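Working through the structure, step by step
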Amino acid sequence: MNDGLKIELGRRYRFSASHRLHSDRLSEEENRRVYGKCNNPHGHGHNYVVEVRVSGNVDPATGMIANLADLDGFVDEEVTEPFDHTLLNEDVAAFRENVPTTENLCKEIYKRLKHFPKAKLERVRVEETSNNAFEYAGEELQDCQTVQQGDHGQ
Amino acid sequence: MVYLTRKLEFSASHLYHNPALSAEENKRVFGKCSNPHGHGHNYTLEVTVAGEPDPVTGMVLDLKELKEILEQEITQRMDHRFLNYEVEELKGQIPTCENIVRVIWNLLEPKIQKGRLYKVRLYETPELFAECYRNGAQGA
């Protein structure tokens, strides 16, 4: 339908995981200074909320941008299943190299969902706690933003 | 530019059924959303209007006025209704969040005379929403 309107679909998912913020490029003291208690050696956990937004044409036969069963299945396979009840630093390959801050988590989830075949990924929002939220909309968009209130993971 | 958002809740039932598809196809595509007697949701609508505050009143538009528009156009039309059968604007469409949000946009846009309608977001559940805005507007 070409009426100049854009429709996006948003869906929220949850997973629980632990992480430790620690950078190999910093000394022990610097790690403690930068990351505070998020640097405690055995890590700590969060209940993460991932909000996924997709856009596309609304199929007149189904009234849908994408069938939720397809979106749910894709997110489950790419994100929820591999991330839920894991230690992100150890169990997700990307975070053996990169510090699993929620900024990096947001970008990793975006990267994994970018290839959803049934609709265009618009943005990913990750809520680490109810006070911390991060959004990533890819590099090509001007309006990608990171929203942070409060300290990391506290 | 200031963006103001007003929320509204309404409760309604619907079902997903495309008469061009067989019973099996409807079941396959729409799952339990195609159960024949329908099912209901508590919908939450967020309506965002953009504009400059009037220098005299300090308002983009009077919230009372917006509340009345929402009451007349949305609550009276959709609250405690079976969307498939009782909402004229949805006739012939599957009442998904995507389609309802577009209908809501088209109902509200001409009624909002002060400021302009910027965004409409409709939650079907806390985990699922659709958003509508003009192409080129930022969907933040």
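Attention here is on the structure that accompanies the text. Keep in mind the model is a prediction, meaning the values are calculated, not measured. (Residues numbered from 1 in each chain as written. Chains lettered and ligands numbered in written order. Predicted model: local features only at pLDDT ≥ 70, side-chain atom pairs only at ≥ 80, totals over all residues.)

Moving on, we come to the overall build of chain A. Each helix and strand in chain A was counted, giving five helices and five strands. Each helix and strand of chain A, ordered N terminal to C terminal, gives the series β-α-β-α-β-α-α-α-β-β. Considering only intrachain contacts with a sequence separation of at least 6, the fraction spanning at least 24 residues in chain A is 63%. (Helix = DSSP H or I, 4+ residues; strand = E, 2+ residues; numbered from the N terminus. Contact = placed C-beta atoms within 7 Å.)

Our next topic: the overall build of chain B. Scanning chain B from terminus to terminus reveals four helices and five strands. Along chain B, helices (α) and strands (β) appear in the sequence β-α-β-α-β-α-α-β-β when read from the amino end. Taken along the three principal axes of its C-alpha coordinates, chain B extends 60 × 30 × 25 Å. Residues counted as buried form 32% of the 140 residues belonging to chain B. Pairs at least 24 residues apart make up 65% of the contacts formed inside chain B by residues separated by at least 6 positions. (Buried ≥ 20, exposed ≤ 12 C-beta atoms within 10 Å, placed from the backbone.)

A few words on the nonpolar core. Residue and element names in this part refer to chain B. Core analysis: the biggest nonpolar cluster contains 56 residues, and V101, I104 and L122 have the highest contact counts within it. Residue contributions to this core peak at seven residues, all from helix α4 (residues 97-108). Not counting residues up to four positions away in its chain, the partners in contact with L122 are Y43, L45, C97, I100, V101, I104, F129 and A130. Counting residues in hydrophobic clusters, the runner-up holds five residues, among them Y16, V29, F30 and I94. (Core = buried A, V, L, I, M, F, W, Y, C linked by C-beta atoms within 7 Å.)

For the rest of this paragraph, the subject is the packing of helix α2 (residues 68-83) of chain A against helix α5 (residues 102-113) of chain A. Residue and element names in this part refer to chain A. Where α2 contacts α5, the two axes come as close as 10 Å, and the packing angle between them is 145 degrees. The element α2 and its partner α5 pack so that their crossing is right-handed. The segment α2 lies against α5, with V75, E78 and V79 engaging I109, R112 and L113. Among the residues making up the contact of α2 with α5, the classes are represented as four nonpolar, no polar and two charged. (Axes fitted to C-alpha atoms, helices over the stretch in contact; angles between N-to-C directions. Left-handed = near helix turned anticlockwise from the far one by under 90°. Nonpolar A, V, L, I, M, F, W, Y, C, P; charged D, E, K, R; others polar.)

Each partner contributes to the interface: chain A provides 19 residues, whereas chain B provides 24 residues. Per-element tally for the side of chain A that touches chain B: the top contributor is strand β1 (residues 5-19) of chain A, with eight residues. Residues of the side of chain A that touches chain B, tallied by class, amount to eight nonpolar, five polar and six charged. Judged from the seven bridges that link them, β1 of chain A and strand β5 (residues 128-134) of chain B form a sheet pairing that is antiparallel. (Pairing = 2+ DSSP bridges.)

Moving on: α4 of chain B. Helix length check: α4 of chain B, at 12 residues, gives a terminal C-alpha distance of 16 Å against a target of 16 Å (1.5 Å per residue), a fit within 8%. Three or more residues of α4 of chain B are buried, namely C97, E98, N99, I100, V101, R102, V103, I104, W105 and L108 of chain B. Here the buried face of α4 of chain B lies against β1 of chain A together with β2 (39-51), α2 (63-78), α3 (83-86), β4 (116-125) and β5 of chain B. (Expected span 1.5 Å × (residues − 1).)

Another point: the environment of E28 of chain A. For E28 of chain A, the position within the fold is in helix α1 (residues 28-35). Sequence separation of E28 of chain A and N39 of chain A is 11 residues, and the distance between their C-alpha atoms is 9.4 Å.

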